[in-house]
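# What the coordinates show
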Amino acid sequence: MGETTVVGRRYSLLRERLSHDIERFRKFAAVLIKNRLAFAGIAIIVLFSVISFGAPLLVGPYPTQLQRTDDNLPPSSAHWLGTDWEGFDLLTLLVYGGQISLIIGFSASIVAMVLGTAVGVFGGFYGGITDLILARMTDFFLVIPWLPFVLVLVIILTPSLPTIILAIAIVSWPSTARVIRSQVLTVKERQFIERSRAIGARPGFIVRKHIIPNVMPLVWAEAVLTVSNSVFTEAFLSFFGLGASGPDVIKSWGVLVNESYVHLALVQGHWWYFGPPGLFITVVVLGFAMLGYGLEEIMNPALKRR
Amino acid sequence: MNFRRYLLRKTVYVIITIFFIASLNFLLFQVIAGDPTYVLLPRGCGTSNVTGECPLRAALIHEWALDQPLIVRFATYLRNVFSGNLGTSITYQTGVPVATIIAPRLWTTLILVGVATATTMWLGIILGRISGWRRGRPADVIITLSTLFGYSMPSFWVSLLLIFSLSVTIRIFPVYWDFGAYARMDLLSTVLDYMWHLILPVATFVITNVAWFSLTLRNSLTDVLPEDYMITARAKGLSQGQQLRWHALPNARLPLVTASALYFGWVVSGAIVIEIVFTIQGLGQLTWEATTAFDFPLLSGIFLIATIGVVVANAMADVLYMFLDPRVREA
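Residues numbered from 1 in each chain as written. Chains lettered and ligands numbered in written order. Predicted model: local features only at pLDDT ≥ 70, side-chain atom pairs only at ≥ 80, totals over all residues. Heavy atoms only, no water.

## Looking at unusual backbone geometry
One non-glycine residue with positive phi stands out, namely A:T158, at about 60°. With respect to the helices, strands and loops of the structure, A:T158 is situated in the loop between α6 (146-156) and α7 (161-188). Phi at B:T279 takes a positive value of approximately 50°, unusual for a residue other than glycine. Relative to the assigned elements, B:T279 resides in the loop between α11 (254-277) and α12 (283-292). (Helix = DSSP H or I, 4+ residues; strand = E, 2+ residues; numbered from the N terminus.)

Written out as structure tokens, the structure reads:
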């Protein structure tokens, strides 16, 4: 009898906790939707994610060698965007291409966030010589032109999906580290940090319980902006012929533009080959950037004046 | 701070940064890339003499101390690089010093980047002024949205679109960088022909990068306009143009210089891709050729030069900032 009440109480506690989270999320969603920039960004991201990852339902399975037809066909009712140099249907390739671009964008962003947040929090919180070295290192990597750097990294590590993700992350972490560091510097001076230090909290505890939760919203905004940059960088790498490739690998949008260029679609006037993938890259990059700026605006209302 | 002391400090900073860039370069190409005798040396000497004694290989092993321990290799590398020896090409032009290959290409890229930056800055200031002054009005919304859209477009794609529409479909501009194909031309026509070939690449630059300047100026104008001295300027009856020219712009100009510092890194990246699509024989085209030929010494040299270029340009922008801001200059 007593046991059931404990279970019941625990259950109600869980439900209370959950409903609290749901309520918080609902409030956040309401603010998010009210911000026009963020809302447009979310709409774009959701649309392209659904198209890319719903590709099997939209255009059927990824084409195999058996499904090749004549190469370089112009748009027709059978092939809305014509066919590529191997004779694959370009619309199918285009719809699938987003998967690779988005996967690389998200994964690189996650790795860059972990790196950048760690460096930013560590340097900002501990200060002193640690901070000096980390901040100088951040500045140093920030100044290196990103395209030559990422090219050299990928070609040295030999191009494949994991190395491309790693290379993009190595190029993108410094800007996050800088933003997070300056946020940590202001959070660190707040009163509750001093109080918790006064009652004997250790630095590790303060970082975990107070610093990280307080910089997390900014990390999310930075993460979204980094996805935008990563998709962009991946497109450049692919255009250089350093994209993830192979007979079984899905071609990203950047790879499609690269192939169109290498196979002279430009001088032949085949705009349907290089036009749509480039447009998709642009719109997705813009979508993530809009959501990122929107989130920054929500978190820092002073920006809104701008 | 004394201006001369500032200059000295900046110079020391640049030299230290260049040292670290060289170290990073060493780390990338001689440590992470794997066996340097495989990565940095030509594969045999021509087709007939693959296994036999190879003078170029032996010379390069000696020159870069590739048979020595890591620390000796690092010292040798630094000594070579700082005395101007950037390496020897192994596949692209086997046996030719990298510096000799890069030097003529550097000029083409510098001209392209210089003209493009000047144009982008000029247009960015015009657009930024309009949208900063008319914040929230249709003109501002249109300018902000279109420059942001341009900023999101990959430059290779913009190049393709421009060539497709204005060189292939409507034949106004040249498709290839065939400048100098007509040998007998006087100076004026040479310059005109050069500019003719530059228009589309520069247009690509402007479209993809103008947001840097227009948005920065817009935001800093937004900060400046509510200031008290702007109200005074209006109160004493200055026209809008005078308010803008005499009071708003001089104060809003500074963040522009800061923006241009970060801009150089982007410019180098943009130039590489634009040169490829427009077949301009510059550093970017060379990067593409070095990448496809797996010429690691050449790639390493290009990376070094491009990065040092950006660092130096940044330092120059900092000094300019110091020079332009009286508060910093006289403090």
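From this point, the discussion proceeds with the structure in view.
## Concerning the interface of chain A and chain B
Of the residues lining the interface, 39 residues belong to chain A; the matching set on chain B comes to 50 residues. Taken together, the connections running from chain A to chain B amount to zero salt bridges. Summed over the shared surface of chain A and chain B, the result is five residue pairs in polar contact (both at pLDDT 80 or more). Those elements that provide at least two residues to the side of chain A that touches chain B are α5 (128-143), α6, α9 (203-239), α10 (253-262), α11 (265-268) and α12 (271-299) of chain A. Partitioned by chemical class, the residues of the side of chain A that touches chain B number 31 nonpolar, five polar and three charged. (Contact = heavy atoms within 4.5 Å. Salt bridge = Lys/Arg side-chain N within 4 Å of Asp/Glu carboxyl O. Polar contact = N/O pair within 3.5 Å; in protein donor to acceptor, adjacent residues only side chain to side chain. Nonpolar A, V, L, I, M, F, W, Y, C, P; charged D, E, K, R; others polar.)

## Here we look at the packing of aromatic side chains
This model, assessed by the stated rule, comprises 28 aromatic pairs over all chains. Considering the side-chain rings of A:F122 and A:Y126, the 5.0 Å spacing of their centres and the 55° angle between planes classify their relative orientation as tilted. On the criterion of helical spacing, the pair formed by A:F122 and A:Y126 is a turn pair, its members being four residues apart in helix α4 (residues 90-126). The interplanar angle of 45° and the centroid separation of 6.3 Å between the aromatic rings of A:W146 and A:F232 together place this pair among those described as tilted. Taken together, the positions of A:W146 in helix α6 and A:F232 in helix α9 put the pair 86 residues apart, joining distant regions of the chain. The burial state of A:W146 is the same as that of A:F232; both residues are buried. Aromatic rings pair up to connect A:W146, A:F232, A:F236, A:F239, A:F240, A:Y261, B:F156 and B:W288 into one cluster. (Phe/Tyr/Trp six-rings, centres within 6.5 Å; stacked < 30°, edge-to-face > 60°. Buried < 20%, exposed > 50% of the residue type's maximum accessible area, 1.4 Å probe, protein only.)

## Examining the domain arrangement of chain B
All names here are of chain B. For chain B, the domain assignment lists domain 1 (3-82) and domain 2 (98-330). Between the C-alpha centres of domain 1 and domain 2 there is a distance of 33 Å. Contact with domain 1, which involves 17 residues of that partner, is made by 15 residues of domain 2. Approximately 1,500 Å² of surface area, both sides summed, lies buried where domain 1 meets domain 2, with 84% of it carried by carbon and sulfur atoms. Among the residues of domain 1 in contact with domain 2, F3, I21 and F29 are the three that bury the most area, contributing 34% of the side total. In this structure, the connection of domain 1 to domain 2 is made through one salt bridge. Between D318 and K10 there is a salt bridge, with its nearest N and O atoms 2.8 Å apart. Taken together, the connections running from domain 1 to domain 2 amount to two residue pairs in polar contact (both at pLDDT 80 or more). Here the element with the most residues in the side of domain 1 that touches domain 2 is helix α1 (residues 3-32); it accounts for 13 residues. Grouping the amino acids of the side of domain 1 that touches domain 2 by side-chain chemistry returns 14 nonpolar, two polar and one charged. (Domains from an automatic or database assignment. Buried area = accessible area lost by both parts, 1.4 Å probe.)

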